[in-house]
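Below, each chain spelled out in residue letters.
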Amino acid sequence: MRIAILPDNEAIGKVGADLIEELFNRKPEAILGLATGSSPLPIYQEVIRRHRGGKVSFAKGRAFTLDEYVGLPVEHPQRYRNFIRQEFTDQVDFRDEEVNSPEGNAEDLAQACADYDQAIKDAGGVDLQILGIGSDGHIAFNEPGGSLASRTHVGVLTEQTRTDNARFFDDDLNQVPTHCVTQGLGTIMEARRLVLVAQGDNKAEAVRQMVEGAISAHWPATIMQMHPDAWILLDEQAASKLKLSDYYREVWEKSNL
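Residues numbered from 1 in each chain as written. Predicted model: local features only at pLDDT ≥ 70, side-chain atom pairs only at ≥ 80, totals over all residues. Heavy atoms only, no water.

**Details of helix α2 (residues 41-52)**
Here is the rule: Going along the chain from the N terminus, every DSSP run of H or I of four or more residues is numbered as a helix, and every run of E of two or more is numbered as a strand. Take the number of residues in a helix, subtract one, and multiply by 1.5 Å to get its expected span. Buried means the residue's accessible area, taken with a 1.4 Å probe over protein chains only, is under 20% of the maximum for its type, while exposed means over 50%, and partly exposed covers the values in between. In what follows, residue pairs with any heavy atoms lying within 4.5 Å of each other are defined as contacts.
Between its terminal C-alpha atoms α2 stretches 16 Å, which fits the 16 Å expected from twelve residues at 1.5 Å a residue. Within α2, nine of the twelve residues are buried, which leaves it mostly tucked inside the rest of the structure. Among all positions of α2, only Leu-41, Pro-42, Ile-43, Tyr-44, Glu-46, Val-47, Ile-48, Arg-50 and His-51 are buried. The elements touched by buried residues of α2 are α1 (9-26), β2 (31-34), α3 (80-87), β6 (128-131), β9 (194-198) and β10 (230-235). Remark: Gly-54 follows α2 within two positions and exhibits a positive phi of approximately 80°.

Listed below in structure tokens is the structure:
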């Protein structure tokens, strides 16, 4: 893992955007894995700025999102397919037909999951996957207790995750779906590079477990310790419980992007 403890969202956005810009300038047809939620927004905002400045193009690229709620109406603003287009892909030059999302309203959800997993493989696999982390250590919607080798599947959202996400649904827990379609941890780990973003002291324990704890299904993000190219971009609050923070700072300062 490469751990970056950064001063603010602007710095996080710049590091994440550097990685995406370098990838697409080197490989214009690259596959980008997209996460929703508030954590990755600083990266997307910086990438949009650079795209408008002519520094990076996605015209030949493809994208796959991590997950989707089950049962939300097609036009619902919190449907992740809509969120990612509004916040990122519609503001750059991704072709809309090349922005792929799991189908949370399929009649046969199990088949839709298998088809999505296969579509990622058929595309050649994700080159760079953006991730966030939940306060209970989940990535995508892989909740504690699930398989560390899971593929794209239908998941049940825990009460904690639904409570955390209620802010996007007028703080009404009853509006938050109970099920999702999500890439599995096994699927995510096949991406060639992982870039996880975490901000705020409410993520500090999950970050500590992810980076310094034992690999365990109790904290799903700990599986990232096994990835050969995982980048962890943190603000000071999210990094506040790391015991080896001084070491991570020294390594980061002496490393090159």
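**Focus on unusual backbone geometry**
Backbone geometry places Ala-140, a non-glycine residue, at a positive phi of 50°. Looking at the secondary structure, you find Ala-140 in the loop between β6 and β7 (153-156).

**A short note on the pattern of salt bridges**
Applicable threshold: Within this document, salt bridges are pairs made up of a side-chain nitrogen of Lys or Arg and a carboxyl oxygen of Asp or Glu, the two lying within 4 Å of each other.
Throughout the structure, instances matching the rule amount to 21 salt bridges. Measuring nitrogen to oxygen at the nearest pair gives 3.0 Å for the salt bridge that ties Arg-79 to Glu-103. Of the two residues, Arg-79 sits in the loop between β4 (67-69) and α3 while Glu-103 sits in the loop between β5 (99-100) and α4 (109-122), which places them 24 residues apart along the sequence. Residue classification places Arg-79 among the buried positions, given a relative accessible area of 3%.

**Considering the packing of aromatic side chains**
Operational definition: Note on ring pairs: Phe, Tyr and Trp rings are taken, using the six-membered ring of Trp, and paired if centres are within 6.5 Å. Classes follow the plane angle, with under 30 degrees stacked, over 60 edge-to-face and the rest tilted.
Inspection of every chain in the model, using the stated rule, returns 13 aromatic pairs. Considering the side-chain rings of Phe-58 and Phe-88, the 5.9 Å spacing of their centres and the 75° angle between planes classify their relative orientation as edge-to-face. Taken together, the residues Phe-58 in the loop between α2 and β3 (62-65) and Phe-88 in the loop between α3 and β5 connect sequence positions 30 residues apart. Grouping residues by exposure puts Phe-58 and Phe-88 together as buried. The interplanar angle of 45° and the centroid separation of 5.7 Å between the aromatic rings of Tyr-69 and Phe-141 together place this pair among those described as tilted. Of the two residues, Tyr-69 is situated in strand β4 and Phe-141 in the loop between β6 and β7; the sequence distance between them amounts to 72 residues. What makes Tyr-69 buried here is its relative accessible area of 1%. Through a chain of ring-to-ring contacts, three or more aromatic side chains come together here, namely Phe-24, Tyr-44, Phe-58, Phe-88 and Phe-94.

**Section: the sheet that holds β2**
Just so we agree on the cut-off: When DSSP locates at least two bridges between a pair of strands, those strands are taken to pair. Each axis is a line fitted through C-alpha atoms, taken for helices only over the stretch in contact, and angles between the N-to-C directions span 0 to 180 degrees.
Taking strand neighbours across the sheet as the criterion, the seven strands line up as β1-β10-β9-β6-β2-β3-β5 in an open arrangement whose pairing is parallel. What marks the edges here is a single partner per strand, and that holds for β1 (2-6) and β5. Pairing of β2 with β3 involves four bridges; the strand directions are parallel. Paired with Leu-32 across the two strands is Ala-63, which belongs to β3. Helix-sheet contacts for helix α8 (residues 245-254) involve β1 and β10, and the interaxial angle to β1 is about 95°.

**Let's talk about a nonpolar patch on the surface**
The line we're drawing: Residues enter patches when they are more than 30% accessible in relative terms and free of salt bridges; like-charged ones are connected within 9 Å and nonpolar ones (Val, Leu, Ile, Met, Phe, Trp, Tyr) within 5 Å. Each accessible area is a Shrake-Rupley result for a 1.4 Å probe, and residues are judged covered by the shown protein chains and nothing else.
Where nonpolar side chains cluster on the molecular surface, the patch consists of Leu-244, Tyr-247 and Val-251 and spans about 290 Å² of accessible area. With respect to the secondary-structure elements, Tyr-247 resides in helix α8.

**Some thoughts on the state of the cysteines**
Definition in use: Criterion for a disulfide: a pair of cysteine sulfur atoms at a distance within 2.5 Å.
Throughout the structure, instances matching the rule amount to zero disulfides. The thiol sulfur of Cys-113 is not disulfide-bonded, and the nearest other cysteine sulfur, from Cys-180, lies at 8.8 Å. You can call Cys-113 buried: its relative accessible area is 3%.

**Digging into the sheet that holds β4**
Strand order in this open sheet of three strands is β4-β8-β7, and the pairing throughout is antiparallel. The open sheet is flanked by β4 and β7, the only strands paired with a single partner. Ignoring which end each strand starts from, the neighbouring axes of this sheet average 30° apart. Two elements, β4 and strand β8 (residues 179-182), share three bridges in a ladder whose sense is antiparallel.

**Some remarks on the environment of Leu-194**
Here Leu-194 shows up in strand β9. Counting along the chain gives 52 residues from Leu-194 to Asn-142, while the straight-line C-alpha distance between them is 16 Å. Setting aside residues no more than four positions away along its own chain, Leu-194 makes contact with Gln-129, Leu-131, Ile-188, Met-189, Met-224, His-227, Asp-229, Ala-230 and Trp-231.

**Notes on the packing of α2 against α3**
Stated formally: Roughly parallel means an angle under 35 degrees; roughly antiparallel means over 145; roughly perpendicular covers 65 to 115; every other angle is labelled oblique. Polarity classes work like this: nonpolar for Ala, Val, Leu, Ile, Met, Phe, Trp, Tyr, Cys and Pro, charged for Asp, Glu, Lys and Arg, and polar for all others, with Gly in that last group.
Between α2 and α3, the shortest axis-to-axis distance is 10 Å and the interhelical angle comes to 45°. The orientation of α2 relative to α3 falls into the category oblique. Facing Leu-41, Tyr-44 and Ile-48 of α2, the residues of α3 in contact are Phe-83, Ile-84 and Glu-87. A class-by-class count of the residues in the contact of α2 with α3 yields five nonpolar, no polar and one charged.

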